[in-house]
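Fold and geometry: a report
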Amino acid sequence: MIQTVTVSPGVTLRLFHDTRFKQGCLSIQLVRPMCRQEAAKNALLSAVLLRGCQAYPDLQTITWRLDELYGASVGTLVRRVGDYQTTGLYCSFLEDRFALPGDQILEPTARLLKELLLRPKLENGVFKADFVESEKRNLVLAIEAQRNDKRAWCSAQLFSHMCREDSFGVPRLGEIEDVKAITPQSLYDHYRRILKESRMEIFYVGSADAGLVTRLCRELVEKERGYVSLPGQTAFTSAQGGAWEETMDIAQGKLSMGFVTPANIRQGKAFVATQMMNLIFGGGMTSKLFTQVREKLSLCYAISSGYHGSKGILTVSAGMDWEKKDTVRSQVLAQLEAICQGDITEAELAAARQAMLSSLRATHDSAGSIENYYATAALSGLPYSPAEYMQQVQQITAADVAEAARQVKLHSEYFLKGETGC
Amino acid sequence: MLKYYPRLDEQLYKTVLPNGLTVMVCPRPGFTKNLAYFVTDFGAIHTKFTLDGVEYTAPDGVAHYLEHKLFDMPGRDVSAEFAALGANTNAFTSYDITAYYFSCTENFESCLRLLLEFVSTPYFTRETVEKEQGIIAQEIDMTADSPDTAVFEGLMDNMYRVHPVSIPILGFHHTIREITPEILHTCHRAFYRPGNMVLCVVGDVKPEDICRIASEVLPREDNAQVQLQRSWPEEMTVPQEKSQRTMEVAMPMFQLGFKAEPRERGEEAIREEILADLAAEALFGESSGLYLRLYDQGLIDSSFGGGFETIEGMAMLTCSGDSYEPEAVRDAILEEARRIVKEGIDQAQFDRMRRSALGRRTKGLDSFDSTCFRLCAYHLSGFDYFDFPRLYEDLEVSQLQAFLERVVTPQRCSICVIRPTENS
């Protein structure tokens, strides 16, 4: 079903042939280590590439071209996958069969991608200064705007404190001061270097013939490369845990709790058991956090947990009347303890299993989810195809889930509260 | 009854059952996921109605409250039953509809029965209704901290004096306290009748199975007499042209609205809506000259966007984003509209925009959720959604100019700005 082509050392093209969709997709990822020195540049780079190239020198000409290509879209692709950060472009486009007779979409779209990626608009031999400056401003604003969503903010603050000795503590979009320090020259040098050195992942989903797609995708790769391989993914590097607080002018308090477990995505069964444990704990409307803390005690509207398998970090996020924070906190710990004690009903176990199976079965129902599954799995070290994954899920017992829960230890907390006297 | 739409390579089955329920099925052979929406033509704005000759004014927020409480069944846990079947279920309340849905990859028939059963079974006790107040109060507080919601609600408050869009979907702390089991029963009887609802399924399913199950589970008759307020007399000028407040935001954000005439029902109305969308695109879309200029000047950033929005009884052209000079953005938009009205836009640009809009809508059909939602929403507006390609054919530049001339004027314009508090 999936065909893998090594285009050149370090450059992999993965093709997923499927005729059921109205749109195809093509993604290009340059794979970098997630680190403070590069994060801001990697986050900025694709935005600058989308500002103009030699053939389409500004936003308007690019958009006009995309309009002509039946509303194709090209966007930035900046992902965090464990210790890696990827930077690149994601493109989705209407399948050729929906174009007017004689018109093509895939080929010209791939050519446009090539122009954007490999022939950027330059000025004095480096990126155009006003493109770089205005995208720097945009990126700084995007980083600052993270403060607007209080729940996400609280969770991001938890990560930056809890993971300060690990790559997970590096913000995905970089730090503001690092963005500000970037110059057209430094970004261009970085671009030239990573284009040649990086592991590159290209992914296609759609109905076109593999030969044609391979030919088009070879064009997306720099001719003279010097591939430098990356170190493998690592487990979480822990720093001293703690509890932090911040005060804001808000109506509702937010609490984020961070837990650690040795179980990570590269470990097969323990990973899958922890995923199921997470679902039973706080993964949806049948989870213990939802049914007990929200429905039974009416303490919260939003409360859930999440498992970051690449590092073995589990988080709980809740919004509550801030005077009730301690009650919510102790309820969260009580629910976790219950799972450790094996208090897992047949129904809870079945619900978690079914939820995972359903989501894995549906992986192949959209071009976007196909790309997301395979392009990420190739980097994270997930050892399964969806079918193998489902087999693992079938085998997890309540005892496995309780054992997974016993490995989970509270590490850090972050609390966002309203101003005193409100 | 199964119709094929060659330009989209889609099929749609549509029928009305004897009890009045509209059933739509979009078969998707070869896909594993099935998605079902069960939608009532009843949303947050529908608080004034007559049921069997008696007039009612329900408390603000009642539609949303009812949505939460319908998940209760005597001695059963609906969410747990869906979960045991491997399905995801949820619901949402908008200004003009309430939708309940599930998606699954197995056990479709049991899931569908469960959906129809729980939505059509009112079960409210004083105790459970009171308990919900704590949860919804937290939801109201959470929303109060969301600047996106605040800027929208602020704008609606500026623009509308009569239409209930200025009232939050969730209602207020004091109105949700007034909600009783009796009120919920009345609303359920008035609006959750089969004749007021649509069932829509997207997936690898057989239409006749859907109809059979719906006939078996739902009431056979629909005999309630309901009249509902669906239009609100509004001046086209805005009562208040500007408002602002402070919140914990990183930089100032704004939303701008231009009041337009409420949309009617039927194909002609949807064609106008598509035209209005193109007008928004020509005025401030990413391919417009204005967008590029404002972006280059740093007056807008990539958070900027907008379009034409309709809610029953109201319509507006709107855009929003972050900006240090929101009023300058507003003034530039007004000026650009005057220019387009005077000079027009060239035919090539118009054709490109049209082709792009059509392509993006077609691509959107890959999303089960968006397709299912749009099939329902457009059906309630009296239009068969899969007919959209036809609507793009005979649009003209002059119609676009006429729309901008009528709508994008200072008298119809209002802006709401959220500025950062001093310590943020």
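1. Here we look at the pattern of salt bridges
Applying the stated criterion to the full structure yields 66 salt bridges over all chains. As a salt-bridge pair, R36 of chain A and D178 of chain A come within 2.5 Å of each other at their nearest N and O atoms. With R36 of chain A in helix α1 (residues 36-49) and D178 of chain A in helix α6 (residues 176-181), the pair connects residues that are 142 residues apart, well separated along the chain. A salt bridge links R390 of chain B to D387 of chain B; its shortest N-O distance comes to 3.7 Å. Through salt bridges with shared partners, a single network forms among E267, E268, R271, D387, R390 and D394 of chain B.

2. Remarks on the domain arrangement of chain A
All names here are of chain A. Taken as a whole, chain A is organised into domain 1 (2-218) and domain 2 (242-418). Using only C-alpha atoms to locate each centre, domain 1 and domain 2 end up separated by 30 Å. The partner domain 2 presents 39 residues to the 39 residues of domain 1 that form the contact. Across the domain 1/domain 2 interface, buried area totals approximately 3,100 Å², and carbon plus sulfur atoms make up 71% of it. At the boundary of domain 1 and domain 2, one finds five salt bridges. Close ionic contact of E371 with R79 constitutes a salt bridge, the shortest N to O distance being 2.6 Å. Between domain 1 and domain 2 we count eleven residue pairs in polar contact (both at pLDDT 80 or more) in total. Counting residues per element, the ones that place at least two in the side of domain 1 that touches domain 2 are β2 (11-17), β3 (23-33), β4 (73-81), β5 (84-94), α5 (150-162) and β8 (199-206). With ten residues, α5 is the single largest residue contributor to the side of domain 1 that touches domain 2. For the side of domain 1 that touches domain 2, the per-class residue count stands at 18 nonpolar, nine polar and twelve charged.

3. Topic: the environment of F21 of chain A
Inspection of the secondary structure puts F21 of chain A in the loop between β2 and β3. Considered as a pair, F21 of chain A and I280 of chain A are 259 residues apart in the sequence and their alpha carbons are 34 Å apart. With near-sequence residues (within four places) excluded, F21 of chain A lies in contact with E95, R97, F98, V205, H364, D365, S366, A367 and I370 of chain A together with F31 and D366 of chain B.

4. Side note on the domain arrangement of chain B
Residue and element names in this part refer to chain B. Looking at the assigned domains, one finds that chain B contains domain 1 (2-228) and domain 2 (242-420). Residue-level contacts link 44 residues of domain 1 with 44 residues of domain 2. Each partner contributes to the roughly 3,700 Å² buried at the junction of domain 1 and domain 2, and carbon and sulfur atoms together form 71% of this total. Here domain 1 and domain 2 share two salt bridges between them. Close ionic contact of K33 with D369 constitutes a salt bridge, the shortest N to O distance being 3.6 Å. Remark: the boundary between domain 1 and domain 2 carries twelve residue pairs in polar contact (both at pLDDT 80 or more). Of all the secondary-structure elements, those providing two or more residues to the side of domain 1 that touches domain 2 are β1 (2-5), β2 (10-16), β3 (22-27), β4 (34-40), α5 (147-159) and β11 (197-203). In terms of residue count, α5 provides more of the side of domain 1 that touches domain 2 than any other element does, ten residues in total. Looking at side-chain class alone, the side of domain 1 that touches domain 2 contains 26 nonpolar, eight polar and ten charged residues.

5. Examining the interface of chain A and chain B
Each partner contributes residues to the interface: chain A has 59 residues there, and chain B has 61 residues. With both chains or domains summed, chain A and chain B bury close to 5,200 Å², and 53% of this area falls on carbon and sulfur atoms. The largest contributions to the chain A side of the interface with chain B come from K22, M285 and Y301 of chain A, which together make up 13% of the buried area. Run the count over chain A and chain B and you get five salt bridges. For D103 of chain A, the salt bridge goes to R355 of chain B, with nearest N and O atoms at 3.4 Å. Counting across the chain A and chain B interface gives 35 residue pairs in polar contact (both at pLDDT 80 or more). Looking at the side of chain A that touches chain B, the elements that each hand over two or more residues are α2 (59-68), β5, α4 (129-145), α10 (288-296), β11 (300-308), β12 (313-320) and α12 (346-361) of chain A. The biggest single contributor to the side of chain A that touches chain B is α4 of chain A, with seven residues. Of the residues contributing to the side of chain A that touches chain B, the split by class is 22 nonpolar, 15 polar and 22 charged.

6. What about the environment of E139 of chain B?
Tracing the sequence through the fold places E139 of chain B in helix α4 (residues 126-144). Classification of E139 of chain B by relative accessible area gives buried; the value is 8%. Sequence separation between E139 of chain B and L170 of chain B is 31 residues; the distance between their C-alpha atoms is 8.1 Å. For E139 of chain B, the residues in contact, after removing those within four places along its chain, are Y301 of chain A together with H64, H68 and L170 of chain B. In terms of polar contacts, E139 of chain B uses its side chain to reach the side chain of Y301 of chain A, at 3.2 Å.

7. Details of the sheet that holds β8 of chain A
Residues and elements named next belong to chain A. Spatially, six strands are ordered β1-β2-β8-β3-β5-β4 in an open sheet, and the strand pairing comes out mixed. Across the chains shown, the open sheet's two edge strands, defined by having one partner strand only, are β1 (2-8) and β4. On average, each strand axis in the sheet is tilted by 20° relative to the strand beside it, whichever way the strands run. Judged from the seven bridges that link them, β3 and β8 form a sheet pairing that is antiparallel. Bridged to V31 within β8 is R199. In the packing of helix α7 (residues 184-197) onto the sheet, contacts are made with β3, β5 and β8, and the angle to β3 comes to roughly 105°.

8. Overview of unusual backbone geometry
With a phi close to 55°, N124 of chain A is a non-glycine residue in the positive phi region. Residue placement: N124 of chain A occurs in the loop between β6 (122-123) and β7 (126-127). Among the residues examined, N124 of chain A registers a relative accessible area of 77% and is labelled exposed. With a phi angle near 50°, D9 of chain B is a residue other than glycine that sits in the positive phi range. Within the element layout of this structure, D9 of chain B appears in the loop between β1 and β2. By relative accessible area, which is 36% here, D9 of chain B ends up partly exposed.

9. A look at α1 of chain A
In terms of residue burial, α1 of chain A counts as a mostly covered element, since eleven of its 14 residues are buried. For α1 of chain A, every residue scored as buried is listed here: E38, A39, A40, N42, A43, L44, L45, S46, A47, V48 and L49 of chain A.

10. Examining the packing of helix α11 (residues 326-343) of chain B against helix α15 (residues 397-407) of chain B
All names here are of chain B. As a packed pair, α11 and α15 sit with axes 9 Å apart at the nearest point and diverge in direction by 140°. When the axis of α11 is compared with that of α15, the two are oblique. Both α11 and α15 take part in a crossing whose hand is left-handed. From α11, I340, V341 and E343 reach across to α15, where they touch L400, Q401, L404 and E405. Here the residues of the contact of α11 with α15 sort into four nonpolar, one polar and two charged.

Cut-offs applied
Throughout, a residue's number is its position along its own chain's written sequence, starting from 1. To read the labels, note that chains go from A and ligands from 1, taken in the order they are written. At least 70 in pLDDT is required for a residue's local features to be given in this predicted model, at least 80 for side-chain atom pairs to be given and counted, and no such filter applies to totals for whole chains, interfaces and linings, which use all residues. Side-chain metrics in this entry use all non-hydrogen atoms of the structure; hydrogen atoms and water are not considered. Salt bridges are defined by distance alone: a side-chain nitrogen of Lys or Arg within 4 Å of a carboxyl oxygen of Asp or Glu. The secondary structure listing takes helices from DSSP runs of H or I that are at least 4 residues long and strands from runs of E that are at least 2 residues long, numbered from the N terminus. In this entry, domain limits derive from an automatic or database-based domain assignment. Any two residues having at least one pair of non-hydrogen atoms within 4.5 Å are treated as being in contact. The term buried area refers to how much accessible surface (probe radius 1.4 Å) is lost by two components on association, counted for both of them together. Any pair of N or O atoms that falls within 3.5 Å is considered a polar contact. Within protein, one atom must be able to donate a hydrogen and the other to accept it, and sequence-neighbouring residues count only if both atoms are side-chain atoms. Asp, Glu, Lys and Arg are counted as charged, while Ala, Val, Leu, Ile, Met, Phe, Trp, Tyr, Cys and Pro are counted as nonpolar; the rest, among them Gly, fall into the polar class. Each residue gets one of three labels from its accessible area relative to the maximum for its type: buried under 20%, exposed over 50%, partly exposed in between, using a 1.4 Å probe on protein chains only. In this description, strands pair whenever DSSP reports at least two bridges between them. Axis definition: a line fitted to C-alpha atoms, over the contacting stretch in the case of helices. Angles run 0 to 180 degrees between N-to-C directions. Should an angle lie under 35 degrees it is considered roughly parallel, over 145 roughly antiparallel, and from 65 to 115 roughly perpendicular; all remaining angles are considered oblique. Less than a right angle of anticlockwise turn of the near helix away from the far helix marks a crossing as left-handed, whereas a clockwise turn marks it as right-handed.

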